[in-house]
Amino acid sequence: MTPTTTGDRPLRLFGRSRELAVLKTLFTQTAAGRSGTLLLAAPPGLGRTALVDHALARHSGGRVLHTASFPAERSLPYSGLHALLCSGPELLPAPPEEVLRTVTSPAGLLGLLQALTAHRAPLVVCVDDLHSWDAHSRAALVSAAHRLPASCPVALLLTAADVRHGSAALGGLPTLGLGPLDDVAAGALLDALGSGVPGGDRLDPAVRAELVREGVGNPALLAALLGALTADQRTARSPLPHPLPGGDPVLDAYFALVGTLPADTRELLLLAASAEEHEPAGAGTALDLLVRAGRRAGIDIGRLSPAEAAGAARVHAQRVHFTHPLLCRAVRRGTPTVRRRAAHRLLASVLDGPGRSLPRLIQQACAADGDAQELARQLAAAAEEPRPPADRCAALSRAAALTEDLELRDLRLAAAAEQAWLARDAGLARSLLARVRGVPAPPLAHFVQGHLDLRDGPVADAKEALFTAADLLGPQEPERVTDALLGAFHAAWAGGDVTACRQALARIPAPCPEPELDRFRAGLLELFTGRTAAGHALLRRCLENADTADGGRGGTVDRPREGRLVTRAGTASLLRAAGAALVLGDVDAACRIGTRALAAVRAHGPEVLLPGALEHLAYAELRAGRHAQARAHAQQGLGTAHRSGQRNAVAHLHAVLALAASVEADPAACGEHAEAAAALANVHGLHQAATLATWALARSELAAGRTGQAAARLFPLVGPGPSQGHFAARMLAVPCFVEAAVLTGRGEETRPVVEEFADWAANTADPQAPAQLARCRALLAPPQEAADRYAEALALHDRCGGDFERARTQLVYGRWLRRRRRTREARGPLRDALMAFERSDARSWVALARGELRAAGEVVGGHRRSSAPLATLTPQQQRIARCVAEGATNREVALRLSVSPRTVDHHLRNVFATLGVRSRVELARLLDRDEKDAADL
């Protein structure tokens, strides 16, 4: 096993928080005087030893007996117990050899453990690789574990390759099975390992993705694969070798798990592993195929039982599955080539009948030896037939492997990558593209690479790859050219590159085959060239067509062409129409059409469009004030985006979730989602996602009363300069900026921004924009005009609806009235704002409205505080106390409450005297207890 410590500092573990918590509980239990036993069971490479070493390095609660490896004579009777005793001779009452003679029975070992803890001093006994102990030692230790009294402070921490491996004596012990790392933890491990590699530039994201895919969550295999790469290969300056080297030791360890099984059992496992070559990943092998192949080889299927008993394979739903993916790979690799080819030929001979032509061809390809160009042609022809994308990918990749002509081989690899992408396997698609060796690469390779980067890569790279693909494809493939340029447009839009957006749209050949696409292209071009009215008219026609078209609900839908990344279906038209509605600001139409587009994607595919469809619908619902629905759809989209390897969609969906959380009073969730969005946005150049994430954080700060922070965060976004937000999103944040800036005393800075917002509001169909503009002008208006401005804003809200935005206007209006000492008048709009925020489930804003209402002298329902210390303060003193408890200085409190610092100081002195506290720290503690008491009522 590989040591996991450097000096006294244990290396960080990834993806093992649950397991570490279980070990901590075990040690805590022992420290409290109770016994405990835990068996960590996992196949090779999953980190049993690393986990134990990590836990022991952090354990400081007593004495430890720990044995991790044994000498060659470990098979001798009781050699395991002898090695354990030798690991801590200072703890023993006599030399290990003498003690060994007294512990060869379960009762003797139990007596030793009790004697070592006679004075209640906790003891941890750790045995790594218990399955490799001799049978006598193993039986004695397991028996002692079963008989250990609850009051004996001993923790038995054991590890084994598998509960069923080696001996049934391991059964019955409390067991924690280690599974593979998930993709996030595997990627983090690779980054940590890569940072310590000599020469070490940062690991290329595409290389990391391929290592994660090939390493299947096995830490030892991941480390071995990374260690076998050169510096240029790690940074993608040189192509990755295929297959990846370095994994032999791990695969040898897995092969050893089945090496002792009977010969006919191993032959059935070889047939099962060979059959998985033509099956989807994780699908296993059809039991009836294995029965027929075994019968032809003279082996009864019942001989699979030893493999099941050893935990190597299982039968479920008439399919045979290996218990670990690496077992399947190890069986193929560990079998001599001649026998492996014979197994493939045997399988091909029994794969007859309808629907089995492609599996038969794949098995023949695996058995091929020598010239196989005709077989490669047959496989490529099979990919032209109507099949699922995963099957097409398998056929084309096998054909490419047999193809001798380099140009044709590269073309088939690129076509296989396209099918892998359609099958939502981006990692496989990238792996196939990495095998393209020709210079220049086929146009299709640039086309697929661009679409991969559009969804999971730097969007600037995606844009250039798709522009290159459009140049190389030429007039022979107009559909792909159009789709490449549309992809380049979407990449430029995500990155905020207006010039590239215009270039991509202008290069789409006109007229387009579809009138709707022509209008979409022309409408956006008009907008980008400043002809707003003409652009809006064309985009409005896209919406009208989407409302009248079938859109995939009936039998006449224009289905996408089979096997192409290009989509010409009604599905794509609906998605474009939903996007057009968002550009227009017609959020109701965006929600309506986006819902139909989502249904069409789910019904007709392709599935790669599903994360984008959910993203667009969630964003539309967010704009429409339907925050709970937006959150639900964004969470669905997040799962599908992760599963299909579309991290750019993940970033946008995190931004949507951050915006929803900024309304729903979850600052922690808002911060987490915004951080996740920004992390991906910064790496991949996703300017729109970064803008939305920043807006979300600022809106959360505004709701929490941190107006200065909100204004400072938003000013670079909405103002002039290089840090300006995304062209399609920055205006949406202006109302928040104006409110925060005015409350912070920076109102004059907002006037140029408000005038720009006014131009935008005049040219958008967003129903909230006129009312938001009126609210901004009311905030900036002189006192004699402000009331009329607020009345105008509320009248506009009455016409457009939307509880949340109307409530925000009522809140700032009520606050304005209260600060002019018109508290009786202020209560009406503040009360309305409170009820509207409650209807919208905007919990942060509910708290803000309640605070304002209390400051206006109204007792807010549901807050029983008569017995609480703060009940003795005036409403203004309560507000100042809460601000100070949050850490605000007197000046910051004064800006927040629109009073002078001297007034704050006066009130704060009275607060201290009334409550009997002497410092801000004491005030914060008192307020914290007060809030907890109120929550318990």
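Residues numbered from 1 in each chain as written. Predicted model: local features only at pLDDT ≥ 70, side-chain atom pairs only at ≥ 80, totals over all residues. Heavy atoms only, no water.

Description of the side chain of H451
Okay, so step 1: Considering the arrangement of structural elements, one finds H451 in helix α22 (residues 443-456).
Okay, so step 2: Residue class for H451 comes out buried when judged on its relative accessible area of 5%.
Okay, so step 3: A polar atom in the side chain of H451 sits 3.0 Å from the side chain of D483. (Helix = DSSP H or I, 4+ residues; strand = E, 2+ residues; numbered from the N terminus. Buried < 20%, exposed > 50% of the residue type's maximum accessible area, 1.4 Å probe, protein only. Polar contact = N/O pair within 3.5 Å; in protein donor to acceptor, adjacent residues only side chain to side chain.)

Remarks on the packing of aromatic side chains
Okay, so step 1: On inspection of all chains with the given rule, the structure shows 12 aromatic pairs.
Okay, so step 2: Aromatic side chains W493 and F727 sit 4.9 Å apart centroid to centroid with 75 degrees between the ring planes, which places their arrangement in the edge-to-face category. Of this pair, W493 sits in helix α24 (residues 478-495) while F727 sits in the loop between α35 (707-718) and α36 (734-743), and the two are 234 residues apart along the sequence.
Okay, so step 3: Here F727 falls in the partly exposed class, since its relative accessible area comes to 30%.
Okay, so step 4: Geometrically, the ring pair formed by F715 and F737 is tilted, given 5.8 Å between the ring centres and 40 degrees between the ring planes. On the criterion of sequence distance, the pair formed by F715 in helix α35 and F737 in helix α36 is long-range, its members being 22 residues apart.
Okay, so step 5: A network of ring pairs unites the aromatic residues F489, W493, F528 and F727 as a single cluster. (Phe/Tyr/Trp six-rings, centres within 6.5 Å; stacked < 30°, edge-to-face > 60°.)

Quick notes on the sheet that holds strand β5 (residues 123-127)
Working definition: the strands of a sheet are paired by backbone hydrogen bonds and lie parallel or antiparallel to each other.
Okay, so step 1: With respect to topology, five strands assemble into an open sheet ordered β4-β5-β6-β3-β7, the strand pairing being parallel. Edge positions in the sheet fall to β4 (63-67) and β7 (175-177), since each of these pairs with one other strand and no more. Within the sheet, the average angular offset between the axes of one strand and its neighbour, ignoring direction, is 15 degrees.
Okay, so step 2: Two strands pair when backbone bridges link them, and strand β3 (residues 36-41) and β7 are joined in this way by three bridges, in the parallel orientation. Residue pairing across strands places A41 opposite G177, the latter belonging to β7. (Pairing = 2+ DSSP bridges. Axes fitted to C-alpha atoms, helices over the stretch in contact; angles between N-to-C directions.)

Description of the pairing of strand β6 (residues 154-160)
Moving residue by residue along a regular strand, the side chains alternate between the two faces of the sheet.
Okay, so step 1: Counting buried positions along β6 yields seven of seven residues, so the element is predominantly enclosed.
Okay, so step 2: Residues V154, L156, L158 and A160 point to one face of β6 and A155, L157 and T159 to the other, with burial holding for every one of them.
Okay, so step 3: Pairing analysis gives six bridges linking β3 to β6, with the strands arranged parallel. Among the inter-strand pairings, T37 is bridged to a residue of β6, identified as L156.
Okay, so step 4: As paired elements, β5 and β6 share five bridges and run parallel to each other. Considered in β6, the bridge of V127 is made with L158.
Okay, so step 5: Each parallel crossover has a hand, and for β5 linked through helix α6 (residues 135-147) to β6 it is right-handed. (Right-handed = clockwise from strand over helix to strand, strands pointing away.)

Structural notes on the packing of helix α30 (residues 610-623) against helix α32 (residues 647-663)
Okay, so step 1: Packing of α30 against α32 leaves a shortest axis separation of 10 Å and a crossing angle of 25 degrees. Relative to α32, the element α30 is oriented roughly parallel. Every pair of crossing elements has a handedness; the one defined by α30 and α32 is left-handed. Where α30 approaches α32, its residues P611, E615, A618, Y619 and L622 are matched on the opposing element by A649, H652, L653, V656, L659 and A660.
Okay, so step 2: Looking at side-chain class alone, the contact of α30 with α32 contains nine nonpolar, one polar and one charged residues. (Parallel < 35°, antiparallel > 145°, perpendicular 65-115°, else oblique. Left-handed = near helix turned anticlockwise from the far one by under 90°. Contact = heavy atoms within 4.5 Å. Nonpolar A, V, L, I, M, F, W, Y, C, P; charged D, E, K, R; others polar.)

Let's talk about the pairing of β5
Okay, so step 1: Among the five residues of β5, five are classified as buried, and the element is accordingly described as predominantly covered.
Okay, so step 2: Covered by surrounding structure in β5 are L123, V125 and V127 together with V124 and C126, the residues of both alternating faces.
Okay, so step 3: Direction of pairing for β4 relative to β5: parallel, over a ladder of five bridges. Looking at β5, one finds that T67 is bridged to V127.

Some points on the sheet that holds strand β9 (residues 313-316)
Okay, so step 1: One open sheet holds the three strands; their spatial order is β8-β10-β9, and the pairing between them is antiparallel. Pairing within the sheet leaves two strands with one partner each, and these edge strands are β8 (285-286) and β9.
Okay, so step 2: When β8 meets strand β10 (residues 319-322), the two strands line up antiparallel, connected through two bridges. Counted as the bridge partner of T285 is V320 from β10.

Digging into unusual backbone geometry
Okay, so step 1: With omega at -5 degrees, the peptide bond leading from H242 into P243 counts as cis.
Okay, so step 2: Along the chain, the position of P243 falls in the loop between α10 (231-234) and α11 (248-258).
Okay, so step 3: Between V439 and the following residue, P440, the backbone shows a cis peptide bond with an omega angle of 0 degrees.
Okay, so step 4: In this fold, P440 is placed in the loop between α21 (426-434) and α22.
Okay, so step 5: Positioned with a positive phi, A236 is a non-glycine residue whose angle comes to about 70 degrees.
Okay, so step 6: With respect to the helices, strands and loops of the structure, A236 is situated in the loop between α10 and α11.
Okay, so step 7: Not every positive phi belongs to a glycine, and Q318 is a case in point at roughly 60 degrees.
Okay, so step 8: Structurally, the position occupied by Q318 is in the loop between β9 and β10.
Okay, so step 9: Looking at Q318, the relative accessible area reads 58%, which means it is exposed.

Focus on the confidence of the model for the protein chain
Okay, so step 1: Chain-level pLDDT for the protein chain is 84 on average; 91% of the residues reach the 70-or-more range.
Okay, so step 2: Across the protein chain, element-level confidence peaks in helix α23 (residues 459-473) with a mean pLDDT of 94 and bottoms out in strand β1 (residues 5-6) with 36.
Okay, so step 3: For the stretch residues 551-569, pLDDT sits under 50, and the model shows 47 contacts to residues farther than four places along the chain or on other chains.
Okay, so step 4: When the criterion is pLDDT under 50, residues 933-937 qualifies, and its contacts beyond four places in sequence or with other chains add up to two contacts. (pLDDT = per-residue confidence, 0-100.)

Thoughts on empty space enclosed by the protein
Summary: where empty space remains is shown by rolling a probe the size of a single water molecule over the atoms.
Okay, so step 1: Enumeration according to the criterion identifies two cavities of 30 Å³ or more in this entry.
Okay, so step 2: Around the second largest cavity, the lining residues are L65, L84, L85, L109, L112, L113 and L116.
Okay, so step 3: Within the residue set of the lining of the second largest cavity, elements represented by two or more residues are α3 (79-86) and α5 (106-116).
Okay, so step 4: With four residues, α5 is the single largest residue contributor to the lining of the second largest cavity.
Okay, so step 5: When the residues that make up the lining of the second largest cavity are grouped by side-chain class, the tally is seven nonpolar, no polar and no charged. (1 Å grid on protein atoms, 1.4 Å probe; cavity = no way out; pocket = protein on both sides within 12 Å on 5 of 7 lines; lining within 4 Å. Points joined across faces, edges and corners; volume = space filled by probe spheres on them.)

A short note on the environment of P354
Okay, so step 1: In this structure, P354 sits in the loop between α16 (337-350) and α17 (357-367).
Okay, so step 2: The exposed category is assigned to P354, whose relative accessible area is 82%.
Okay, so step 3: Taking C-alpha positions, P354 is 64 Å from L109, a pair spaced 245 residues apart along the chain.

Focus: the state of the cysteines
Okay, so step 1: Taken as a whole and judged by the stated rule, the model has zero disulfides.
Okay, so step 2: No disulfide involves C393; its nearest neighbouring cysteine sulfur is the one of C366, lying 14 Å away.
Okay, so step 3: Lacking any disulfide linkage, C501 is separated from the closest cysteine sulfur, that of C542, by 16 Å.
Okay, so step 4: Taking relative accessible area as the criterion, C501 reaches 0% and is therefore assigned buried. (Disulfide = S-S within 2.5 Å.)

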